[in-house]
Amino acid sequence: MNITQLLAAAAMVTSGLLPCFAQRSEVLLEKDWKFHRGDAQDAFWTVYDDSSWQLVTVPHDWAIFGPFSRDIDLQPNDDNTAVMTGRTGGLPYVGCGWYRRSFEVPQGKKVTLLFDGAMSEARVYVNGKEACFWPYGYNAFHCDVTDLVQPGENILAVRLENLPQSSRWYPGAGLYRNVHVLFTEDVHVPVWGTYITTPKVCEDYASVRLETMVEGADGKRVDIHTEIFDPTGVKVATSSRNFMVRAGEPLLQTFIVDAPQLWSPESPVLYCAVTRISMDGIAKDEYSTRFGIRTIEYVPQKGFMLNGQVRKFKGVCNHHDLGPLGAAVNVSALAHQIRMLKDMGCDAIRTSHNVPAPELVRLCDEMGMMMMVEAFDEWDVAKCKNGYHRFFDQWAEKDMVNMLHQFRNNPSVVMWSIGNEVPSQLEDDGWKAGKFLQDICHREDPTRPVTCGLNYVKASLANGFIDTYDIVGINYHPWDYIKVNEKVGHGLVLGSETGSTVSSRGIYKFPAERRFSISDPDHHSNAYEVDACTWSNIPDIDFSMQDDYPWAIGQFVWTGFDYLGEPTPYDNDAWPNHSSMFGIIDLASIPKDRFYLFRSQWNTSEPTLHILPHWNWKGREGEEIPVHVFTSYPSAELFLNGVSLGTRTKEIPSTKSQGTRMEDVMGRYRLMWDVPYAAGELKVVAYDAEGKVADSTAVRTAGKPHHIMLCTDCEGLVPDGKDIAYVTASVVDKDGNLCPLATDMMTFSVTGAGSFRAAANGDPTCLLPFHEPRMNAFSGKLSILLQSGETSGNITLTVKAKGLRPATITVPVK
């Protein structure tokens, strides 16, 4: 059995497909939920009549269906001089919601409910009695309901409530992550009950240390037999021991794996430890722990090392929503995001600013993406009127322990972050809360360092807050990096949040000069990627600091993808903006020009050559148009209608960057011309280090919109009712050139083995609902999401627009 088959067997358990006599089984509660929007008196009772409630499938985000409204969750800005519109996406997440369904319980089993996340303030009832309460909507939690269930049918009810002014971005609403029921014997491994580490790793061997918690056998002896399998399913190590179980103490096994295959973003190799527990010869439990073998080191003044090799984090921050899908977790959509990021050369994700979905962490393990897993946006001092500060004192340690236990076996996780821009930075004793959280990390997982994203550098240096953490994480302020490295003894500086460049895909503004927190009448920011915020800078500044200093260990750019809410700089009474403009990739999963700027620096295995802007500037004939080329090649020559406009070569700096916002470093990373506009073809030819022609690309003046063109990178979907294909619809002229100014309204029809799921165009001002089969193009493009059904066949999508030739595309489901 190879590792894929081992994981498939685990999936069978998750789906409840293994025979009922297995010692451990798990059922995923997806279908047949009844949902009610609003409060409902006595809805926890077993006999409550929910026949009029909506039938839904979980994961479910009740707010993503809208409608959008300016008046939802209006919040005061930081200095109380204006109202912030669209801060939480203008979507109706505020209020109560109820979910109910039945589930079957076999005779004689321990029963545990596991919620991967529930937004928020979840109260869970089983058969009319409260089983647990968990306030933090982003964290997983579990509760033993054995004493509340009976063999046969049981009723589960969940009440959720989101208060206004409880978030700084769109949080989603409802049972937006998965819900599981676990059935075990009386003697069993509890939820997240193993901890696996690799204390010694070298080319010849790796030592593996496995701690296993066992419940239900205190003061008794158990036999534990564990086998470790390599990625092909070959058994590479084994251990059998008899233990005396003592309450709260793990049982330790050690192993040697010869010639280990190491996990990295480039080679995400995974092993699996399968542990079997028996007592008096009777099988009690079987528990699988997936892990990777790798080393991480943070060496002062030298940098971050993975498997002994120095590398810098080429990371992004991502919020948890999936654009038009909302907060409801979808594995296919997450994988799509990771594929796009990896193509850009990204190798790390910061889960800003909350505990991530387990599906994301598993995908990062499998696909090769390092992670900074973050716990909180808010501690004991409020950032939002009804934020997490209300629960911090009572719940912070519980939330930290759950997060750490859930993800400490995942090789992709290389660092913990305990907070983001917390106001405690400004308080003389604010370090105490940070030390409290960091100490929990060190206690539960001493193998990884801890950071915290700081944005008040001056205050944090003065009061010592910055000295608290293993890794100094600075949000923005690259101009402070040198000072921080000199004054703090850690010898490393992490760009825990960088950039905050803002742009609207395809909207180019003149002159192409740096601006900060500028709001224009059209409610869009400059696609030349030169607009930033008052606290931030353009990407070139961050590139230069990372390139020039070995103690700068990398960056996490704000953000990889646009997200719902925080429409900066159009956030103060600037409706209809309701989604961010920070993303390298827009809300429709279409790359902005900035994608190619990052790709030209980060993707070292494939070349990049990209030219901007588009070449449709009727009425500007003869006027100079700035032209930028983002490329991995050292030089390039520009041609307009076959006439050379000269060659540009990337600048080689004579001094190191100081990180200031207006520093002249763009020539290191962009090739730039000013071109008098004339319609036709603008072509760039790239040259390699030896001066030889390496590549070329061009933009052309588009003619009248003629037809729709559809494309997808999806080769086929799985018939699981969840798989998603992203289809890009473009308005093109008769020759197939993109019409970059097109805003045509398109309609969609889908037939066959799937359905239309959502659409988006990346326009932060668009108020059309995502779930209706129509959407207007933005800068000539939009995305359509197709979802597989549960039978094999083909999905056929037809897209139409008035005056344009329609298009059809077929995606197989098999």
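Residues numbered from 1 in each chain as written. Predicted model: local features only at pLDDT ≥ 70, side-chain atom pairs only at ≥ 80, totals over all residues. Heavy atoms only, no water.

## What to know about the packing of aromatic side chains
Each aromatic ring pair is characterised by the separation of its centres together with the angle its planes make. Taken as a whole and judged by the stated rule, the model has 39 aromatic pairs. Between phenylalanine 376 and tyrosine 388, the ring centres sit 4.8 Å apart and the planes meet at 25°, which makes this aromatic pair stacked. Of this pair, phenylalanine 376 sits in the loop between β25 (370-374) and α4 (392-407) while tyrosine 388 sits in the loop between β25 and α4, and the two are 12 residues apart along the sequence. In this structure phenylalanine 376 comes out as buried when scored by relative accessible area, which is 1%. (Phe/Tyr/Trp six-rings, centres within 6.5 Å; stacked < 30°, edge-to-face > 60°. Helix = DSSP H or I, 4+ residues; strand = E, 2+ residues; numbered from the N terminus. Buried < 20%, exposed > 50% of the residue type's maximum accessible area, 1.4 Å probe, protein only.)

## A closer look at the sheet that holds strand β13 (residues 194-201)
Ordered by their spatial adjacency, three strands build an open sheet running β13-β14-β17, and the pairing between neighbours is antiparallel. In this open sheet, the two strands that pair with only one neighbour each are β13 and β17 (251-258). Between one strand axis and the next, the sheet turns through 20° on average, direction left out of account. Both β13 and strand β14 (residues 205-212) contribute to a ladder of six bridges, which runs antiparallel. Opposite threonine 197, over in β14, you have arginine 209 as the bridge partner. (Pairing = 2+ DSSP bridges. Axes fitted to C-alpha atoms, helices over the stretch in contact; angles between N-to-C directions.)

## A short note on the confidence of the model for the protein chain
When pLDDT is averaged across the protein chain, the result is 96; 97% of the residues are at 70 or more. In the predicted structure, residues 8-21 sits below a pLDDT of 50 and forms 15 contacts with residues beyond four places in sequence or in another chain. (pLDDT = per-residue confidence, 0-100. Contact = heavy atoms within 4.5 Å.)

## Considerations on the nonpolar core
Looking at soluble globular proteins, one finds that nonpolar side chains tend to be buried together. Formed by 182 residues in total, the largest nonpolar core has its most connected members in Tyr99, Leu175, Tyr298, Phe313, Trp379, Met400 and Trp615. Sort the elements by how many residues they give to this core and α4 lands first, with eight residues. If we ignore the near neighbours within four places in the chain, the residues touching tryptophan 615 are Ile625, Val627, Leu640, Val675, Tyr677, Ala678, Gly680, Leu682, Val699, Arg700 and Thr701. Listed in part, the 32 residues of the second largest apolar core include Ala725, Leu768, Met775 and Ile795. (Core = buried A, V, L, I, M, F, W, Y, C linked by side-chain atoms within 4.5 Å.)

## Some points on the sheet that holds strand β19 (residues 282-291)
Taken in spatial order, the four strands make up an open sheet running β16-β15-β18-β19, and their pairing is antiparallel. At either margin of the open sheet sits one strand with a lone partner, and together these are β16 (235-244) and β19. Within this sheet the neighbouring strands show an average axis-to-axis angle of 15°, counted without direction.

## Quick word on the environment of glutamate 286
Tracing the backbone shows glutamate 286 in strand β19. For glutamate 286 and threonine 184, which are 102 residues apart along the polypeptide, the C-alpha to C-alpha distance reads 9.5 Å. Filtering out sequence-adjacent residues up to four positions away, glutamate 286 remains in contact with Arg24, Val274, Thr275 and Arg276. Looking at glutamate 286, its side chain comes within polar contact range of the side chain of arginine 276, at 3.2 Å. (Polar contact = N/O pair within 3.5 Å; in protein donor to acceptor, adjacent residues only side chain to side chain.)

## Describing the pattern of salt bridges
Scanning the model with the defined rule gives 48 salt bridges in all. Between aspartate 377 and arginine 168 there is a salt bridge, with its nearest N and O atoms 2.8 Å apart. One end of the pair, aspartate 377, is in the loop between β25 and α4; the other, arginine 168, is in the loop between β11 (152-162) and β12 (179-184), with 209 residues separating them in the sequence. Taken as a pair, aspartate 377 and arginine 168 share a single burial class, namely buried. The closest approach of N and O atoms between glutamate 681 and arginine 700, which form a salt bridge, is 2.9 Å. Of the two residues, glutamate 681 sits in strand β38 (residues 681-687) while arginine 700 sits in strand β39 (residues 693-700), which places them 19 residues apart along the sequence. In this structure arginine 700 comes out as partly exposed when scored by relative accessible area, which is 41%. Beyond isolated ion pairs, a larger network of salt bridges with shared partners links Lys509, Arg515, Asp520, Asp522 and Asp531. (Salt bridge = Lys/Arg side-chain N within 4 Å of Asp/Glu carboxyl O.)

## Here's the deal with the state of the cysteines
A complete count under the given rule lists zero disulfides for this structure. Free cysteine: cysteine 714, not disulfide-bonded; nearest cysteine sulfur from cysteine 711 at 12 Å. Among the cysteines around cysteine 766, which has no disulfide bond, cysteine 739 carries the closest sulfur, lying 19 Å off. (Disulfide = S-S within 2.5 Å.)

## Side note on the side chain of aspartate 399
Inspection of the secondary structure assignment puts aspartate 399 in helix α4. Residues contacting aspartate 399, with those up to four places away along its chain left out, are Trp134, Tyr136, Asn139, Phe376 and Tyr388.

## Things to note about helix α9 (residues 593-602)
A large share of α9 lies buried, amounting to eight of its 10 residues. Where α9 is concerned, the buried positions are Asp593, Arg594, Phe595, Leu597, Phe598, Arg599, Ser600 and Trp602.

## Side note on the pairing of strand β9 (residues 129-134)
Taken together, the five bridges between strand β8 (residues 122-126) and β9 define a ladder with antiparallel strand orientation. In the strand pairing of β9, valine 126 is matched with lysine 129.

## Thoughts on unusual backbone geometry
Cis geometry marks the peptide bond from serine 352 to histidine 353; its omega dihedral reads -10°. Looking at the element boundaries, histidine 353 is found in the loop between β24 (348-350) and α3 (358-367). The omega angle of the peptide bond from leucine 612 to proline 613 is 10°, so this bond is cis rather than trans. For histidine 523, which is not a glycine, the phi torsion comes out positive at approximately 65°. One can find histidine 523 in the loop between β30 (515-516) and β31 (531-532). At aspartate 573, a position not held by glycine, the phi torsion is positive, near 50°. By secondary structure assignment, the location of aspartate 573 is in the loop between β32 (552-558) and α9. Exposure remark for aspartate 573: the relative accessible area of 48% places this residue in the partly exposed category.

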